[in-house]
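Below, each chain spelled out in residue letters.
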Amino acid sequence: MRYSPVISGPNRAGGAQLQLRIELLHVKPMVWRRVLVPESITLVKLHVVLQRAMGWQNSHLHEYEIANRRYGVPDDSWPEDDPPVDERRVRLKPLIEGALAQFSYTYDFGDQWEHRIHVEALVPAKSGEPLIRCTAGESACPPENVGGHPGYAEFLQAIADPSHEDRAAMLNWIGGAFDPTAFDLAAINERLAAIKP
């Protein structure tokens, strides 16, 4: 898939931001976020943005796949013949200037939370606005360690059914209540505000 030529244009005066749409795959209701990030963002900083925008706790490994290459933080305790490229030294923009419209981000190799990230636009940074911010989205992030998308579907079924044998245990595990449709833009932006651009 290709993105608009505006992405590969020259830097604009005052800096620019990449507009990204992040979709969590295989879950219902659909969970997505639209974020603005500096065009100079590194993959390691983008990981922090994704964690806070989606609502994850950053307690598991992750990896990007961009143009058929893997990026992440190589782990010496899990040696591989073909380890991922170290994301700490890589900026996103050069990777997408070849007309790439989307890439993937996987979080938690046990639960396998797959995200599709669409590169929507390069926009001028607005004076007085944070360089990292969420502008839109829908639905709550699934709980950590719920068992991936199959476990999340079972969890939602259990908490929605007063007669389900696991309902009380699931609600206790999640802290009493969980609304899968909840989306709090202000809370997300409060978390993002702590990230230095």
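Before reading further, recall that the structure is shown in the block above.
Residues numbered from 1 in each chain as written. Predicted model: local features only at pLDDT ≥ 70, side-chain atom pairs only at ≥ 80, totals over all residues. Heavy atoms only, no water.

A.B. asks: Sorry, what's going on with helix α1 (residues 43–54) here?
C.D. replies: Residue pairs three or four apart in sequence face the same way in an α-helix, which turns once every 3.6 residues. Taking 1.5 Å per residue as the helical rise, α1 with its twelve residues ought to reach 16 Å, and the 16 Å between its terminal C-alpha atoms agrees with that figure. Within α1, burial applies to L43, L46, H47, V49, L50, Q51, A53 and M54. (Helix = DSSP H or I, 4+ residues; strand = E, 2+ residues; numbered from the N terminus. Expected span 1.5 Å × (residues − 1). Buried < 20%, exposed > 50% of the residue type's maximum accessible area, 1.4 Å probe, protein only.)

A.B. asks: What should I look at first to understand unusual backbone geometry in this one?
C.D. replies: Only a minority of non-glycine residues have a phi that is not negative, and only a minority of peptide bonds are not trans. A cis amide bond links K28 to the next residue, P29, at an omega of 0°. Residue position: P29 is located in the loop between β1 (16–24) and β2 (31–38). Although it is not a glycine, D108 adopts a positive phi angle of roughly 70°. Following the sequence through the fold, D108 ends up in the loop between β6 (102–107) and β7 (113–124). Here N145, not a glycine, exhibits a phi torsion of approximately 60°, which is positive. Mapped onto the fold, N145 is located in the loop between β8 (133–138) and α3 (148–160).

A.B. asks: Would you take a moment to explain the nonpolar core for this structure?
C.D. replies: One broad rule of soluble globular proteins: the nonpolar side chains tend to lie buried together. By size, the foremost hydrophobic cluster in this structure holds 44 residues, and its most contacted members are L20, L46, V49, Y64 and L92. With six residues, α1 is the largest single contributor of residues to this core. Setting aside residues no more than four positions away along its own chain, V49 makes contact with V35, V37, I41, I132, L192 and I195. (Core = buried A, V, L, I, M, F, W, Y, C linked by side-chain atoms within 4.5 Å. Contact = heavy atoms within 4.5 Å.)

A.B. asks: Help me understand the packing of α3 against helix α4 (residues 167–174) in this model?
C.D. replies: When two helices pack together, their arrangement is given by the angle between the helix axes and the distance between those axes. At a minimum axis distance of 8 Å, the contact between α3 and α4 shows a crossing angle of 110°. Taken as axis vectors, α3 and α4 run roughly perpendicular relative to one another. By crossing handedness, the relation of α3 to α4 is classed as left-handed. On α4, the residues that touch F155, A158 and I159 of α3 are R167, M170, L171, W173 and I174. Looking at side-chain class alone, the contact of α3 with α4 contains seven nonpolar, no polar and one charged residues. (Axes fitted to C-alpha atoms, helices over the stretch in contact; angles between N-to-C directions. Parallel < 35°, antiparallel > 145°, perpendicular 65-115°, else oblique. Left-handed = near helix turned anticlockwise from the far one by under 90°. Nonpolar A, V, L, I, M, F, W, Y, C, P; charged D, E, K, R; others polar.)

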